[in-house]
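One-letter residues, chain by chain:
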Amino acid sequence: MRPLLWAVILAAACGSPSPSHDTTPPAKAAPLTPPAEMSHGEAPVGAATTKPDRAADAPPRARGRRHRIRMTAVAARHEVSPGVWYDAWTFDSIVPGPVLRATVGDTIDFTLVNGADMPHSMDFHAAEIAPNRAYRNVMPRDSVQFTFVPRVPGAFMYHCGTAPVAAHIANGMYGALIIDPAAPRPAAQEYVFVQSEYYMGAGQGKDSVHALDWQKLLGASPDFVTFNGVASRYATHPIPVKARTPIRLYVVNAGPNRFSAFHVVGAIFDRIYVDAFGSPLRGVQTYNVPVGGGAIFELELAEPGQYPFVSHAFADATKGAMGVLQAMSR
Ligand SMILES: [Cu+2]
């Protein structure tokens, strides 16, 4: 064969990547230039004077003994990180769904209306009820109604239970239900954090909106891990709190895959209540909130300053499971 023909064949072979050629660039090195002055600066930290588009404040303790709650399952576009949009499946058009609150012994009269074009359902972890009756799939334009009386206090997850459940959760169908004990807990600055993950497929359309990548989900390798649905939102908008004053954090981990090693940098939890009866854990640095679980963290911050809260599984903090409590003097 003539040398020129060989050169043409070789050039063609090199120019057309075959499946055996890995054309992805090698992983980038970890960025090792920290932002000045900030401990655990996994994300840019803004000023506590700017409000986030969704506050983490817990709703007040419920009044009345019967609560009629109605939610609509509906698709909505959700901004996970500035400029990064996701085609979410939601309760009431927001991710997470609304924070609910009731007291042990109250009656919750719940209705789910399906405004989407596929079956959805609702599973309250605070309820003790037959799933095949209450948590059944609701077809488009149909609804389901059931009542329950929560018996156990805690920070509970609710979510869509339609198969594949991992997809319905990863797409945004979850939220928190706080159940208070009959005797009110002591006054505190109260916030709710729901941790969850996003598995982004390639962006589609002119706005490059992402949808679920099922293989990433099965591999438990999320692109974003968030508190209250947006990566690092409470770092960009730190939560102003008072130093040396009780703080109570209701933390629910919606997953669908990653444990939350919940930790506040610069603090030790005075008390942690898992959804159970009995005494709290006392004097704890970090506590695992399992997927599908919740815990109530009580603490005080020793002095004014910026206190990051993270999942101490730091790949997840780097992916957005990070915020800041900005402690002011009392
Ligand atoms: Cu669903």
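Preceding this section is the structure that the text describes.
First, a word on scope: everything that follows refers to the structure included in this document. (Residues numbered from 1 in each chain as written. Predicted model: local features only at pLDDT ≥ 70, side-chain atom pairs only at ≥ 80, totals over all residues. Heavy atoms only, no water.)

Reading across the sheet, the six strands line up as 10-9-12-17-14-15 and stay open at both edges, with mixed pairing between neighbours. Either end of the sheet is taken by a strand with one partner, and the two such strands are strand 10 (224-227) and strand 15 (281-284). Taken pair by pair, the neighbouring strands of this sheet meet at an average axis angle of 25 degrees, ignoring direction. Bridge count for strand 14 (residues 269-274) against strand 17 (residues 293-299) is four bridges, and the pairing is antiparallel. Residue pairing across strands places Arg271 opposite Glu298, the latter belonging to strand 17. (Pairing = 2+ DSSP bridges. Helix = DSSP H or I, 4+ residues; strand = E, 2+ residues; numbered from the N terminus. Axes fitted to C-alpha atoms, helices over the stretch in contact; angles between N-to-C directions.)

Time to look at the packing of aromatic side chains. Inspection of the entire model under this criterion finds 20 aromatic pairs. For the pair Phe110 and Phe124, a centre-to-centre distance of 4.9 Å together with 85 degrees between the ring planes defines the contact as edge-to-face. Here Phe124 lies in strand 5 (residues 123-124) and Phe110 lies in strand 4 (residues 107-114), a separation of 14 residues in the sequence. Accessibility assignment for this pair places Phe110 and Phe124 in one class, buried. Ring plane angle 55 degrees and centroid distance 5.5 Å describe the contact between Phe110 and Phe146, whose orientation is recorded as tilted. (Phe/Tyr/Trp six-rings, centres within 6.5 Å; stacked < 30°, edge-to-face > 60°. Buried < 20%, exposed > 50% of the residue type's maximum accessible area, 1.4 Å probe, protein only.)

On to the sheet that holds strand 4. Strand order in this open sheet of four strands is 2-1-4-6, and the pairing throughout is mixed. Two strands lie at the open edges of the sheet, namely strand 2 (84-91) and strand 6 (143-148), each paired on one side alone. Recorded for the sheet is a direction-independent mean angle of 25 degrees between the axes of neighbouring strands. When strand 4 meets strand 6, the two strands line up antiparallel, connected through six bridges. When the sheet's bridge partners are listed, Asp109 is paired in strand 6 with Thr147.

It is worth spelling out the coordination of the copper ion at this point. Only His120 (ND1), Cys160 (SG), His168 (ND1) and Met173 (SD) from the protein reach the copper ion as donors, at distances of 2.0 to 2.6 Å. In this structure, the copper ion is surrounded by four donor atoms whose angles at the metal cover 83 to 133 degrees, and the resulting shape is irregular. One chain supplies every donor for the copper ion, spaced along it as H-x39-C-x7-H-x4-M. Accessibility assignment for this pair places His168 and Met173 in one class, buried. (Donors = N, O, S within 2.8 Å, 3.2 Å for Na, K, Ca; no water. Tetrahedral: all angles 85-135°; square planar, octahedral: opposite > 155°, others 65-115°.)

Of the two faces of strand 3 (residues 100-103), the one lined by Leu100 and Ala102 and the one lined by Arg101 and Thr103 are each fully buried. Relative to strand 8 (residues 174-180), strand 3 is paired through four bridges, and the arrangement is parallel. Considered in strand 8, the bridge of Arg101 is made with Ile178.

So, to be careful, I would describe these as geometric facts and stop short of saying anything about function.
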